[in-house]
4 protein chains.
Amino acid sequence: MSFLARCDGFPRHETRLRVRYGETDQMGVVYHANYLVWMEIGRVELVRSLGFNYKELEQVKGVYLSVIEANCRYLYPARYDEEIVVETAMVRSNVRMVEFTYRVLSADSERLLAEGRTKHIWLNRELRPTRLPEDYRQLVLPE
Amino acid sequence: MSFLARCDGFPRHETRLRVRYGETDQMGVVYHANYLVWMEIGRVELVRSLGFNYKELEQVKGVYLSVIEANCRYLYPARYDEEIVVETAMVRSNVRMVEFTYRVLSADSERLLAEGRTKHIWLNRELRPTRLPEDYRQLVLPE
Amino acid sequence: MSFLARCDGFPRHETRLRVRYGETDQMGVVYHANYLVWMEIGRVELVRSLGFNYKELEQVKGVYLSVIEANCRYLYPARYDEEIVVETAMVRSNVRMVEFTYRVLSADSERLLAEGRTKHIWLNRELRPTRLPEDYRQLVLPE
Amino acid sequence: MSFLARCDGFPRHETRLRVRYGETDQMGVVYHANYLVWMEIGRVELVRSLGFNYKELEQVKGVYLSVIEANCRYLYPARYDEEIVVETAMVRSNVRMVEFTYRVLSADSERLLAEGRTKHIWLNRELRPTRLPEDYRQLVLPE
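Residues numbered from 1 in each chain as written. Chains lettered and ligands numbered in written order. Predicted model: local features only at pLDDT ≥ 70, side-chain atom pairs only at ≥ 80, totals over all residues. Heavy atoms only, no water.

Caption draft 1: Looking closely at the overall build of chain A. In terms of regular secondary structure, chain A is built from three helices and six strands. Along chain A, from the amino end to the carboxyl end, the secondary structure elements read β-β-α-α-β-β-β-β-α. Viewed in the frame of its principal axes, chain A has a C-alpha envelope of about 45 × 35 × 20 Å. Within chain A, the fraction of its 143 residues that count as buried is 59%. Of the contacts made within chain A by residues no fewer than 6 positions apart, 66% connect residues no fewer than 24 positions apart. Element-wise, carbon and sulfur atoms account for 46% of the exposed surface of chain A, whose accessible area totals about 6,300 Å². Positive and negative side-chain charges in chain A, numbering 21 and 21 respectively, have mean positions lying 5 Å apart. (Helix = DSSP H or I, 4+ residues; strand = E, 2+ residues; numbered from the N terminus. Buried < 20%, exposed > 50% of the residue type's maximum accessible area, 1.4 Å probe, protein only. Contact = heavy atoms within 4.5 Å. Areas by Shrake-Rupley, 256 points an atom, 1.4 Å probe, with all protein chains shown as cover. Lys, Arg positive; Asp, Glu negative; His and termini not counted. Charge placed at Lys NZ, Arg CZ, Asp CG, Glu CD.)

Structural data, given as structure tokens:
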């Protein structure tokens, strides 16, 4: 259901989900803000596939991955009960920030539904910018 | 836009909100889980009207109001852009727990849309049951 | 990942999901309204396992399953990234209404996190009560 | 609580809301996807202030305003219970599309929390691109 490849030097991951009823709106399609939720699922699963325990990073180290920018282009509406593929790539990563790109597709038709990009910085418990702790770096930083 | 009355000895409050687009689903009406969100707005505004600063209670005292039970009966669907009235009553309150009832109405038609009830206990930062700090008691406990 | 059994004559189903970041709140646990969303995932997967295509029922027949009552007891908080099991049972079903019960558990600890119950009626496109179309009945009605 | 001005030829509007508990996440601040929900509230109130009944447009004319692009830069976190100001400007509008920009501020500190931009096209009931009906044009199109 998912794979990990380091094509072009970028960590990539593919995750799947099914559209929930509550994610639709009265237009009969998925409400646009929910694509940002799906993109988050994509990046969480990407870093998990790299051996990175984000939950532990928050709890033990008090370091948080905060969104500083999010962009999404909506190409075709997703519908209730549809199986969705989120392809995520970590296109930039250093001790201060991380950047991801996303492709959201229909699993059946393979039609591209949306494309996105998010930028993030690492924050400490006081929500001030910080550096990713050393023992996590080799997992997400290019050698 | 709101009032405070202690009818029957119960603190009561009325608050208003407008249905958001993202709160609807593809049935064309408000998604049922959102009524619980509205009931929360109702109880927050009720305790605020009593001079109770819930945000400060969390931050300074580390005391949280946790939901242990929620019930809702749905009578008539709320629709996008409709103005909604949430009538909240604090029907029970002691140092360990609080209970609220709610009536959700359409502001225009005054039609009753839903009725609900929630039970809560006070928790400390470790999410263990605790007692409401003394200096907050006179605000929400019957004399 | 899921199974179907007709213990006690009731159709049952078990489905799994992982807690999303956006489902937590500042108490550090899952926001209570999201359990209603999970219960919906449970009943959708239950009826799917019975060979019932709910999406088609809505689109082709114009028949909707509307929540008329929802109850939830919260026993222990669910946390970010935890794997959750939703056990759903269809405890009552006739041509006019359906009733489900739910148990929400932590997949790892098998601890019971919440219990719930929802009641539903079938509605037509005008959101008036209707009867479940004949060709769907044998799937969800006891013989 | 709100005003309408046509500075620089662009319709503008300011609307206020209070951060809901369920809008926070375990980082203790507002979950990032909710800013898109707030931006929607901003544009709905902007077009309402222009005398434009969006709900009626959907119901009577079967014309929908669909998001085709959304961007948000997050500058400073919004917190629970904070009063928020959403300043919306309609920076482009023709018979096929509309574009809005947003500034999200803290009402108390007047600190800028986020900036955003959304692009939209008009769709018909089949979710195909369409033109805004004539009788709505004078409300949102520059003379």
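So that's the structure; there's more coming.
Caption draft 2: The relation of the copies chain D and chain C, seen in detail. With an RMSD of 0.0 Å, the operation that places chain D on chain C is a rotation of 180 degrees combined with a shift of 0.0 Å along the axis. Taken together, the turn and the small shift mark the pair as related by a two-fold rotation axis. (Least-squares fit on C-alpha atoms with pLDDT ≥ 70 in both.)

Caption draft 3: The interface of chain D and chain C, seen in detail. If you look at the interface, chain D gives nine residues, while chain C gives nine residues. Where chain D touches chain C, the interface holds zero salt bridges. At the junction of chain D with chain C, the criterion picks out four residue pairs in polar contact (both at pLDDT 80 or more). Taken together, the residues of the side of chain D that touches chain C sort by class into four nonpolar, four polar and one charged. (Salt bridge = Lys/Arg side-chain N within 4 Å of Asp/Glu carboxyl O. Polar contact = N/O pair within 3.5 Å; in protein donor to acceptor, adjacent residues only side chain to side chain. Nonpolar A, V, L, I, M, F, W, Y, C, P; charged D, E, K, R; others polar.)

Caption draft 4: Main features of the interface of chain D and chain A. Residue-level contacts link 26 residues of chain D with 26 residues of chain A. Of the roughly 2,100 Å² buried at the junction of chain D and chain A (both faces included), carbon and sulfur atoms supply 60%. Across the contact surface, chain D and chain A share zero salt bridges. Between the two partners, chain D and chain A, sit eight residue pairs in polar contact (both at pLDDT 80 or more). Sorting the residues of the side of chain D that touches chain A by element identifies helix H1 (34-49), helix H2 (54-61) and strand E3 (64-74) of chain D as the ones contributing at least two each. (Buried area = accessible area lost by both parts, 1.4 Å probe.)

Caption draft 5: Seen up close, the pairing of strand E6 (residues 112-123) of chain D. Residue and element names in this part refer to chain D. Where E3 meets E6, ten bridges bridge the pair, whose relative direction is antiparallel. What sits directly across from Leu 65, in E6, is Trp 122. Remark: five residues form the turn of the hairpin made by strand E5 (residues 97-106) and E6, two consecutive strands paired antiparallel; Glu 110 in that turn has positive phi of roughly 60 degrees. (Pairing = 2+ DSSP bridges.)

Caption draft 6: Broad picture of the relation of the copies chain D and chain A. Laying chain D over chain A is done by rotating through 180 degrees and shifting 0.0 Å along the axis; what remains is an RMSD of 0.0 Å. A share of 100% of interface residues in chain D that are also interface residues in chain A marks the association as one of identical surfaces.

Caption draft 7: Here's a closer look at unusual backbone geometry. The phi torsion at Asp 81 of chain A lies on the positive side, around 80 degrees, for a residue other than glycine. Here Asp 81 of chain A shows up in the loop between strand E3 (64-74) and strand E4 (83-93).

Caption draft 8: Examining the packing of aromatic side chains more closely. Applying the stated rule across the entire model yields 32 aromatic pairs over all chains. Look at Tyr 21 of chain B and Tyr 80 of chain B: their rings are 4.9 Å apart centre to centre, the planes differ by 70 degrees, and that puts the pair in the edge-to-face class. Of this pair, Tyr 21 of chain B sits in the loop between strand E2 (12-18) and helix H1 (34-49) while Tyr 80 of chain B sits in the loop between strand E3 (64-74) and strand E4 (83-93), and the two are 59 residues apart along the sequence. Judged by relative accessible area, Tyr 80 of chain B falls into the buried class, the value being 2%. Ring geometry for Tyr 21 of chain B versus Tyr 54 of chain D: centroids 6.3 Å apart, planes at 50 degrees, classification tilted. Within this pair, whereas Tyr 21 of chain B is found in the loop between E2 and H1, its partner Tyr 54 of chain D is found in helix H2, the two belonging to separate chains. Taken individually, Tyr 21 of chain B and Tyr 54 of chain D each receive the classification buried, so the pair is uniform in this respect. Lying over the aromatic face of Tyr 76 of chain C, Arg 111 of chain C brings its terminal NZ or CZ to 3.4 Å of the ring centre. (Phe/Tyr/Trp six-rings, centres within 6.5 Å; stacked < 30°, edge-to-face > 60°. Lys NZ or Arg CZ within 6 Å of the ring centre and 35° of its normal.)

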